[in-house]
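Letter by letter, the chains look like this.
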Amino acid sequence: MFRTGLPAAFAAAGLLLFALPGSVGSAAAASAPLPNLMAAVGDSITRAYDVDASCVLSDCPEESWSTGIAPAVDSEYQRILAANSAISGKEVNDASSGAKMVDLDDQVRAAASQGVQYLTVEMGANDLCVSSVSDMTPTSAFESEFRTALTDFTTADPSAHIFVASIPNIYQLWQVEESNATAEAEWNILGICPDMLSSSANGAQRAQIVAQEHADNQALATVCAEFSQCKFDNDAVYNVAFTTSDVSNVDYFHPSLAGQALLAATAWSAGYWPGTK
């Protein structure tokens, strides 16, 4: 069951967990031709890390929300393939588990060198999930790194279109499993997102992370809107309310197979071609 109330620290800060402002990008990005080649960049979410018992502490990119081929996910790639057979077998996952925004430039340069026509971006959770709140990437640096990456990508691959997903609501992910003793043990043993999930984390620290995520998602929206071929999801992924079935039963934090499918459906609805499937 989800909690509907906010801790006092959150209420005092005036923070709303499910209503972040966002931008859908420029009007020129409202439509795009179906691509014949696509790539995904990002972190462990896009690599489908720990998605289920077959991927314990490892990646299963075939189950990725973006470029996966597992039927149960119905990824962006699979949805494009259903409408455009020319993309068959032409999907590349350039994401890397553990990546932060500072790593995005190398990833998009790789994608540009592959000549992709469509790029999905899901990055930012690892800039928030650190050992302590003082180690979070400053939003100014986060925004600058994102702008550099999009500039370099669009310069190298100017006709490609970009879809930028917001960072999932990591506070809500904590809420889903925080009463689960097994989950808490896994978080502490594996050191997963310690500033949010550690048993030593407190409400004030979590409120600071929520505020930082709000700012980072706004930075994604702001920078994406500067590029005519970029479309932001208007916080659609952030606003996803995960349930226990959507969360990995390996580490109780990453999306499960059902969670990857939910991300795929959410991104597709917020993207360029929602009416094609």
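Further up the page is the structure itself.
Throughout what follows, the structure given in this document is the object of discussion. As the structure is a prediction and not an experimental result, all values here were calculated from the model.

**As for the overall build of the protein chain**
Tallying secondary structure elements over the protein chain gives ten helices and five strands in all. The 277 residues of the protein chain split such that 55% are buried. In the protein chain, the share of contacts with a sequence separation of at least 24, taken over all contacts with a separation of at least 6, comes to 76%. Accessible surface for the protein chain amounts to roughly 10400 Å². Of this, 54% is attributable to carbon and sulfur atoms.

**So, the pattern of salt bridges**
By the definition in use, this model includes six salt bridges. Members of the salt-bridge network, linked through shared partners, are D105, R109 and D152.

**Focus on the packing of helix α3 (residues 104-113) against helix α5 (residues 139-156)**
One can describe the packing of α3 onto α5 by two numbers: an axis separation of 9 Å at closest approach and a directional angle of 10°. What the angle tells us is that α3 and α5 run roughly parallel. As α3 runs across α5, the sense of the crossing is right-handed. Along its contact with α3, which presents L104, D105, V108, R109, A111 and A112, the element α5 presents F146, T148, A149, D152, F153 and A156.

**Thoughts on the packing of aromatic side chains**
Counted under the stated rule, the structure contains five aromatic pairs. Considering the side-chain rings of Y118 and W273, the 4.9 Å spacing of their centres and the 70° angle between planes classify their relative orientation as edge-to-face. Of this pair, Y118 sits in strand β3 (residues 118-122) while W273 sits in the segment after α10 (257-270), and the two are 155 residues apart along the sequence. Owing to a relative accessible area of 1%, Y118 belongs among the buried residues under this scheme. In this structure W273 comes out as buried when scored by relative accessible area, which is 7%. Through pairs of rings, three or more aromatic residues link up here, namely Y118, W268, Y272 and W273. Looking at R206, its charged tip hangs above the ring of W174, at a distance of 4.0 Å from the centre.

**Remarks on α3**
For α3, every residue scored as buried is listed here: L104, D105, Q107, V108, A111 and A112. Take α3 and look down its axis: the buried residues cluster within an arc of 160°, on one side only. In α3, those exposed residues whose orientation departs by more than 90 degrees from the buried face are D106 and S113. The positive-phi residue at the C-terminal boundary of α3 is G115, with phi of around 70°.

**Re the state of the cysteines**
All chains considered together, the criterion is met by three disulfides. The disulfide that involves C55 links it to C60, with 1.4 Å between the sulfurs. Note on the C55 and C60 pair: the S-S dihedral is about -80°, so by sign convention the disulfide is left-handed. Take C55 and C60: they sit in the same class, and that class is buried. In this model C129 forms its disulfide with C193; the gap between the sulfur atoms is 2.0 Å. Judged by the sign of its S-S torsion, about -75°, the bond between C129 and C193 is left-handed. In this pair, C129 sits in the loop between α4 (125-128) and α5 while C193 sits in the loop between α7 (181-190) and α8 (194-197), placing the two residues 64 residues apart along the sequence. Each member of the pair, C129 as well as C193, is classed as buried. Take the cysteines of the protein chain that form disulfides and number them in order along the sequence; they join up as 1-2, 3-4, 5-6.

Conventions adopted
- Within each chain, residues carry numbers counting from 1 in the order of the written sequence.
- The predicted origin of the model limits local features to residues at a pLDDT of at least 70 and limits the giving and counting of side-chain atom pairs to 80 or more, whereas totals for whole chains, interfaces and linings rest on all residues.
- For side-chain calculations, the full set of non-hydrogen atoms in the structure is used, while hydrogens and water are omitted.
- Numbering of helices and strands runs from the N terminus; a helix is a DSSP stretch of H or I covering at least four residues, while a strand is a stretch of E covering at least two.
- Residue burial is assigned from relative accessible area. The probe radius is 1.4 Å, only protein chains are included, and a residue is buried under 20% of its type maximum, exposed over 50%, and partly exposed in between.
- Contact definition: two residues touch when any of their heavy atoms are within 4.5 Å.
- For every accessible area listed, the method is Shrake-Rupley and the probe measures 1.4 Å; residues are considered covered only by the protein chains on display.
- We define a salt bridge as a contact between a side-chain nitrogen of Lys or Arg and a carboxyl oxygen of Asp or Glu at a distance within 4 Å.
- Working convention: axes come from line fits to C-alpha atoms, limited for helices to the stretch in contact. Angles between N-to-C directions cover 0 to 180 degrees.
- Note on angle classes: values under 35 degrees are labelled roughly parallel, values over 145 roughly antiparallel, values of 65 to 115 roughly perpendicular, and the remainder oblique.
- Working rule for handedness: look at the near helix, and if it is turned counterclockwise from the far one by less than a right angle, call the crossing left-handed; if clockwise, right-handed.
- Each Phe, Tyr or Trp ring (for Trp, its six-membered ring) is paired with any other whose centre lies within 6.5 Å, and the angle between the two planes then decides the class: stacked below 30 degrees, edge-to-face above 60, tilted in between.
- Two conditions define a charge located above a ring, namely a distance within 6 Å from the ring centre to NZ of Lys or CZ of Arg, and an angle within 35 degrees of the ring normal.
- Working note: the arc is built from the helix axis to C-beta atom directions.
- Throughout, a disulfide means two cysteine sulfur atoms within 2.5 Å of one another.

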